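So you can see what is in the structure, the chains are spelled out below.
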Amino acid sequence: MTISNDKEFKSALAGLSPSQQRQVAARFVQAVFPLSNDVRIKAALEAAGRAGISDAELAIVAQAANTARVESFTQCGREADWSAQVGHFVAKAAVACVKPAEGGGNLAWDAAMQARMARTCQTVADGVGTENREAETQYRILEAFLNS
Amino acid sequence: MTASLEKGIRVLKEVIDAPIASYFNSCVHCGLCAEACLFYTETGDPKYTPIHKLEPLRRVYEQEYTLLGRLKKMVGLSKPVTDDELDQWQELVYNSCTLCGRCSAVCPVGNDIVYMVRKFREGMSASGHAPAGIKGAVTRTVTIGSPMGVKLPAVQAQMKHVEEDYGIPIPLDAEGAEYMVMLSSMEIINFPEYLAAIAKIMHQAGKRWTLCSTAFEATNAGIQIGNSDLAKVIVSRIVEGAEKLKVKTVISPECGHAYTALRWEGANLIGRPFTFDVKHIIEVLGEFQAQGLLKTEGFETDRLTFHDPCQLARRGGVIQQQRNLMNQVAKNFVEMPDAGYMNWCCGGGGGASAIEEGEELRLEAFKKKKSQLDVVKPDRLVTACANCRIVLEEGLEHYQMEIPVVGLTELIAEHIPEKGA
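All figures in this text were calculated on a predicted structure; none of them were measured in a lab.

On to the overall build of chain A, then. Tallying secondary structure elements over chain A gives seven helices and zero strands in all. Counting helices and strands in the order they occur from the N terminus, chain A gives α-α-α-α-α-α-α. In terms of C-alpha radius of gyration, chain A reaches 15 Å, essentially the compact-globule figure of 15 Å for 148 residues. For the C-alpha atoms alone, the extent of chain A along its principal axes is close to 40 × 35 × 25 Å. Here chain A holds 148 residues, and the buried ones make up 53% of them. By sequence separation, contacts in chain A at least 24 residues apart represent 67% of the contacts at least 6 residues apart. When the accessible surface of chain A is summed, it comes to about 6,300 Å², and 51% of that surface belongs to carbon and sulfur atoms.

Right, here's the structure in full:
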């Protein structure tokens, strides 16, 4: 299967089971994880990537990932540090990966969007504008997942 | 001009107007304002009594504008206001006051204490005693146009992100649009989903709307620090943008002080009426709901409660709209004690959340919100202010309360059918 745009991407993700969505979402976030390197997020991604993860295990890593998300908010009135903001969106993407299946919606799509935000923050921080190839990277990740 | 004590005292003399004079004369020292202030109720420290926070201003009033005070000053019996004293008062005027207005609401003689704090901040700022965090926000507002240093390319990145995510175009500089949507830096940096929600709602309602490249930032650091000149500059940018695009209504985002600055103080700051209306996004959603333009499907079934942002509910009088909106999408909406007009502040308004050294006190004051939440035990907390949202999330995290926080505009947008969006 070849994916060449967001419509195909979103549709393919929506067709996955919650467990599969979690696994592929973890791969999307792994692609931007080096921009953060928060150990709590690493644990969440490892858990999300496992096929047989239990709800109890998910709850524990979700809590830790959420703490990382809350701690990385930029407060009102403080100077925006785009490098630091990368970490916030990586954490937000990780939270999407490990949220409960019930009410999770298209969690892989949510994680993909947050991962793209993380990449955009990184390019802004690097002073090279907002253009990047994260969407294409995610298409290839999903193709590999579907074809595996 | 460089800040100095001399300049600060001069400004304090200038800001003392007839209302402030009458307020100081009317105070009956009943202490009710203390019980209304979460910094007092949660610490028990009398220095956080709201009227006490104004003591240096009261002394300037007495020494300059009362006969007895002037006589005492002439014979050296009055205590002058000093730099050291104003330095000490910084904590009381900024860190421990969110301009929430609860003290003004309970005063039995009608003293608008928050009005006095706002005026006192003018002198504090002029004397160089505003907190470094807010000063930094002001500097960035002057040099960059945003208190958090957000520039147009960052907004355009968010626009692109939303367009990819939802497939709905985000208009920029569309002349003749009915609505000009403002954002707070917080929404640009932390909550891109707000812009997405606006796009979905406007698309479904069939309204023409736009962002403005020269006036996308709604936050007004001038109001927070207490600098009317700066507040005027920020409002003027918005007015110029709105008039250039010939919009009918400017929508203030989910940001409390942005709303107060533009809706209630803006026209006075620039010295003339606006040529457009100013509404908070919740007011606009309320209108859409009343006109049948807000068509949602499905309901949230978990237990939801609503935190009223002080500037929206108490200072702005917008109370029923958010409840009507909640009831449109929630089956199990419960009210916290003191909800609505007398709701308790999150603890981070009025610039307080930008003050790093005030964090410990903020978390102490958050116990009030915790106690409200403990009564209703919600599954999720909804609000309509991006700053409240982060302060609430931090407080909940600190006290290990697992209650997710969501924005009301986003919650509504989530119930708009895909075909409608």
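Of the regular secondary structure elements, chain B holds 24 helices and eight strands. A globule of 421 residues ought to have a C-alpha radius of gyration of about 22 Å, and chain B, at 22 Å, matches this closely. Its C-alpha atoms give chain B principal-axis dimensions of about 80 × 50 × 35 Å. By residue count, 62% of the 421 residues in chain B fall in the buried class. By sequence separation, contacts in chain B at least 24 residues apart represent 81% of the contacts at least 6 residues apart. Carbon and sulfur atoms provide 51% of the accessible area of chain B, an area that totals close to 15,800 Å². Within chain B, the 53 negative side-chain charges are centred at a point lying 5 Å from the centre of the 45 positive side-chain charges.

Residue and element names in this part refer to chain B. Tracing the chain through its elements places Ala132 in helix α10 (residues 132-143). Judged by its relative accessible area of 57%, Ala132 falls in the exposed class. Separated by 222 residues in the primary sequence, Ala132 and Ala354 have C-alpha atoms spaced 8.9 Å apart.

Another point: the pairing of strand β7 (residues 380-383) of chain B. All names here are of chain B. Side chains Arg380 and Val382 of β7 all project onto a buried face; the interleaved residues Leu381 and Thr383 project onto the opposite face, where all are buried too. Pairing geometry for strand β5 (residues 304-307) and β7, over four bridges, is parallel. In the sheet register, Phe306 faces β7, and the bridge partner there is Val382. Handedness of the β7-helix α23 (residues 386-398)-strand β8 (residues 405-407) crossover: right-handed.

Moving on to the pairing of strand β3 (residues 249-252) of chain B. All names here are of chain B. Alternating residues of β3 divide into Thr249 and Ile251 and Val250 and Ser252, and every residue in both groups is buried. The pairing of strand β1 (residues 179-181) with β3 spans three bridges and is classified as parallel. Bridge pairing in β3 links Met180 to Val250. Relative to strand β4 (residues 277-280), β3 is paired through four bridges, and the arrangement is parallel. Directly across from Ile251, in β4, lies its bridge partner Lys279.

Next up on the list: the sheet that holds β4 of chain B. All names here are of chain B. Taken together, the four strands give an open sheet; going across it, the order is β2-β1-β3-β4, and neighbouring strands pair in parallel fashion. The two strands at the open ends of the sheet, each matched to only one other strand, are β2 (209-210) and β4. Docked against the sheet, helix α16 (residues 256-264) engages β3 and β4, running at close to 160° with respect to β4.

Let us now look at the environment of Ala386 of chain B. All names here are of chain B. With respect to the helices and strands, the residue Ala386 is situated in helix α23. Separated by 200 residues in sequence, Ala386 and Met186 place their C-alpha atoms 6.3 Å apart. Sequence-distant contacts of Ala386, that is, excluding residues within four places in its chain, are made with Ser184, Met186, Glu187, Phe191 and Glu254.

On to unusual backbone geometry, then. Backbone geometry follows two general trends: most residues other than glycine have a negative phi, and most peptide bonds adopt the trans configuration. Residues and elements named next belong to chain B. Positive phi values are uncommon outside glycine, yet His29 reaches one of about 55°. Residue placement: His29 occurs in the loop between α2 (18-26) and α3 (32-36). Residues other than glycine seldom take positive phi values, yet Lys246 does so here, at roughly 55°. Inspection of the secondary structure assignment puts Lys246 in the loop between α15 (228-245) and β3. Of the residues examined, Lys246 reaches a relative accessible area of 54% and is grouped as exposed.

The next subject is the sheet that holds strand β6 (residues 333-334) of chain B. Residue and element names in this part refer to chain B. If you walk across this open sheet you meet the four strands as β6-β5-β7-β8, and the pairing is parallel. Here the strands that pair on one side only, and so sit at the sheet edges, are β6 and β8. By the bridge criterion, two bridges tie β5 to β6 in an arrangement that is parallel. In the sheet register, Leu304 faces β6, and the bridge partner there is Phe333. Packed onto the sheet, helix α20 (residues 320-329) meets β5, β6 and β7 and runs at close to 160° relative to β5.

All names here are of chain A. Orientation of helix α2 (residues 18-32) relative to helix α5 (residues 82-98), taken along the N-to-C sense of each, is 165°, at an axis distance of 9 Å. For the element pair α2 / α5, the angle class is roughly antiparallel. By crossing handedness, the relation of α2 to α5 is classed as left-handed. Here Arg22, Ala25, Ala26, Val29 and Val32 of α2 come into contact with α5, specifically with Val90, Ala93, Ala94, Cys97 and Val98. Considering only residue class, the contact of α2 with α5 consists of nine nonpolar, no polar and one charged.

To continue, consider the domain arrangement of chain B. Residues and elements named next belong to chain B. The domains assigned to chain B are domain 1 (3-130), domain 2 (135-290) and domain 3 (304-414). Taken together, both faces of the contact between domain 1 and domain 2 bury some 750 Å²; the carbon and sulfur share is 37%. Considering only the surface of domain 1 that becomes buried against domain 2, Arg118, Glu122 and Ala130 emerge as the three largest contributors, covering 56% of it. Where domain 1 packs against domain 2, one counts one salt bridge. Two residues, Glu265 and Arg118, come together in a salt bridge whose shortest N-O distance is 2.6 Å.

Turning our attention to the interface of chain B and chain A. At the junction of the two partners, chain B supplies 30 residues and chain A supplies 27 residues. Of the roughly 2,600 Å² buried between chain B and chain A, counting both surfaces, carbon and sulfur atoms make up 52%. Together, Met148, Ile189 and Glu397 of chain B form the three largest contributors to the area buried by chain B at its contact with chain A, with a combined 19%. For the interface between chain B and chain A, the tally reads four salt bridges. Here Glu393 of chain B and Arg69 of chain A are joined by a salt bridge, their closest N and O atoms 2.4 Å apart. Of all the elements in the fold, those that place two or more residues in the side of chain B that touches chain A are α10, α11 (152-166), α12 (185-189), α13 (192-205) and α23 of chain B. Top contributing element to the side of chain B that touches chain A by residue count: α11 of chain B, with eight residues. Grouping the constituent residues of the side of chain B that touches chain A by class yields 13 nonpolar, six polar and eleven charged.

Calculation criteria
- All residue numbers here refer to positions counted from 1 along the written sequence of the relevant chain.
- Going through the entries in the order they are written, you letter the chains from A and number the ligands from 1.
- Side-chain atom pairs in this predicted model are given and counted only at pLDDT of 80 or more, local residue features only at pLDDT of at least 70, and totals for whole chains, interfaces and linings cover all residues.
- Each side-chain value is derived from all of the structure's non-hydrogen atoms; neither hydrogens nor water enter the calculation.
- Helix numbering and strand numbering both begin at the N terminus, where a helix is a DSSP run of H or I of at least 4 residues and a strand a DSSP run of E of at least 2.
- Just to be clear, the radius of gyration here is over C-alpha atoms, and the globule rule we use is 2.2 Å times residues to the power 0.38.
- Exposure is judged per residue with a 1.4 Å probe applied to protein chains only, and the accessible area is read against the type maximum: over 50% gives exposed, under 20% gives buried, and values in between give partly exposed.
- A contact between two residues is defined here by any heavy atoms of the two lying within 4.5 Å.
- Every accessible area reported is derived by Shrake-Rupley at a probe size of 1.4 Å, with residue values counting cover from the shown protein chains alone.
- Neither His nor the chain termini are counted; the positive set is Lys and Arg, and the negative set is Asp and Glu.
- To locate a charge, the coordinates of NZ of Lys, CZ of Arg, CG of Asp or CD of Glu are taken.
- Following DSSP output, two strands are said to pair if at least two bridges run between them.
- Classification remark: right-handed applies to a crossover when, strands pointing away from the viewer, the course from the first strand over the helix to the second runs clockwise.
- Each axis is a line fitted through C-alpha atoms, and for a helix only the stretch in contact is used; angles between axes span 0 to 180 degrees, taken between their N-to-C directions.
- For classification purposes, angles smaller than 35 degrees are called roughly parallel, those larger than 145 roughly antiparallel, those between 65 and 115 roughly perpendicular, and all remaining angles oblique.
- By definition, turning the near helix anticlockwise from the far helix through less than a right angle yields a left-handed crossing, and turning it clockwise yields a right-handed one.
- Any residue outside Ala, Val, Leu, Ile, Met, Phe, Trp, Tyr, Cys, Pro, Asp, Glu, Lys and Arg is labelled polar, Gly included; the first ten of those are nonpolar and the last four are charged.
- What marks off one domain from the next here is an automatic or database domain assignment.
- The term buried area means the drop in 1.4 Å probe accessible area that two parts suffer when joined, counted for both and summed.
- Within this document, salt bridges are pairs made up of a side-chain nitrogen of Lys or Arg and a carboxyl oxygen of Asp or Glu, the two lying within 4 Å of each other.

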